[in-house]
Each structure stands twice: as structure tokens, then as C-alpha cells.
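Chain by chain, the residues:
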Amino acid sequence: MNKTEAEFSNLVKAFRKRHMGKGPREIRTTFCKHWAICEMDGNLSPVEKFIASGTDGKQALRTARTEMVKDMYKNHPPVEMEQLLGAKFLDLFVDIDLEKDFGMSIFVFDQDIQSKFAVK
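Residues numbered from 1 in each chain as written. Predicted model: local features only at pLDDT ≥ 70, side-chain atom pairs only at ≥ 80, totals over all residues. Heavy atoms only, no water.

Asks: Would you mind showing me how to read the pattern of salt bridges here?
Replies: Think of it this way: side chains of opposite charge can pair up when their charged atoms draw near. Tallied over the entire structure, the rule returns 10 salt bridges. K58 serves as the salt-bridge partner of E99, at 2.9 Å between the closest nitrogen and oxygen. In this pair, E99 sits in the loop between β3 (89–97) and β4 (102–109) while K58 sits in helix α3 (residues 55–75), placing the two residues 41 residues apart along the sequence. A relative accessible area of 58% places E99 in the exposed class. Put simply, E82 and K88 hold a salt bridge, and the shortest N to O gap is 3.6 Å. (Salt bridge = Lys/Arg side-chain N within 4 Å of Asp/Glu carboxyl O. Helix = DSSP H or I, 4+ residues; strand = E, 2+ residues; numbered from the N terminus. Buried < 20%, exposed > 50% of the residue type's maximum accessible area, 1.4 Å probe, protein only.)

Asks: Any chance you could explain the sheet that holds strand β2 (residues 35–41) here in plain terms?
Replies: By definition, the strands of a sheet pair up through backbone hydrogen bonds, in either a parallel or an antiparallel sense. With antiparallel pairing, four strands are arranged side by side in an open sheet as β1-β2-β4-β3. The strands lining the two open edges of the sheet, one partner per strand, are β1 (26–32) and β3. Across this sheet, the average inter-strand angle for adjacent strands is 15°, counted without regard to direction. With seven bridges connecting them, β2 and β4 associate as antiparallel partners. (Pairing = 2+ DSSP bridges. Axes fitted to C-alpha atoms, helices over the stretch in contact; angles between N-to-C directions.)

Right under this line is the structure:
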């Protein structure tokens, strides 16, 4: 992870903490063409882990941790991320494995950020 990818990880963590009350314990970001791919460990709070132990709770929590996260970025555009990258945020793909407490978010930008921030 290069310096800009590390800074991006910190912005993701701060954004989620500000808008969800808790950010992931650890984030690893990789830039790939127009994508910023974030692997996230330690997403769930103790209450969410308890909710995920039941079948009905698992589906509600999965929806909250995918669709609601996407809505959060739509309603609160990630201006700090755009400023860091000098690129416009276009879309977000999110998934989470509740048993492993591991999530992935793929941020899509309007420019090739991989070549823009490649270590030379």
C-alpha cells in the first residue's frame, strides 16, 4: 500500500466513523485502474455481532451494511476522497461476510487513479 492508498484508507475509516458511529478496525486499499478497492476487517460492533447470530438479524444486518452504506455515500458525497485523488467519485460496490467480519468496498472514480498514483 503506497502513501496515497494509506491516506485513502484513513479517509474511509473516518467517513464511516463519522456517519455510522464505527469504522473498520483495519483497512487495506489498492488502486486498480478507476477503482479504489478497500478490504476491511473488524467492521461489526458487539451489538451487530449479536444481531448477526440470528437468521433474521443476519439478513437485516447484511442489508444495513451494504445498501445503507451505499446510500450514505450517495447522500454525503466523499469530498475529501475526491480532493485527495483529484478525481470525481462515481459509484460504490459493497459486500460483507458477517461470519468473518470482513468487508469489501470498491469505489469507482472518473479517472485512472492507479496510474496517477503509481509508485515510481
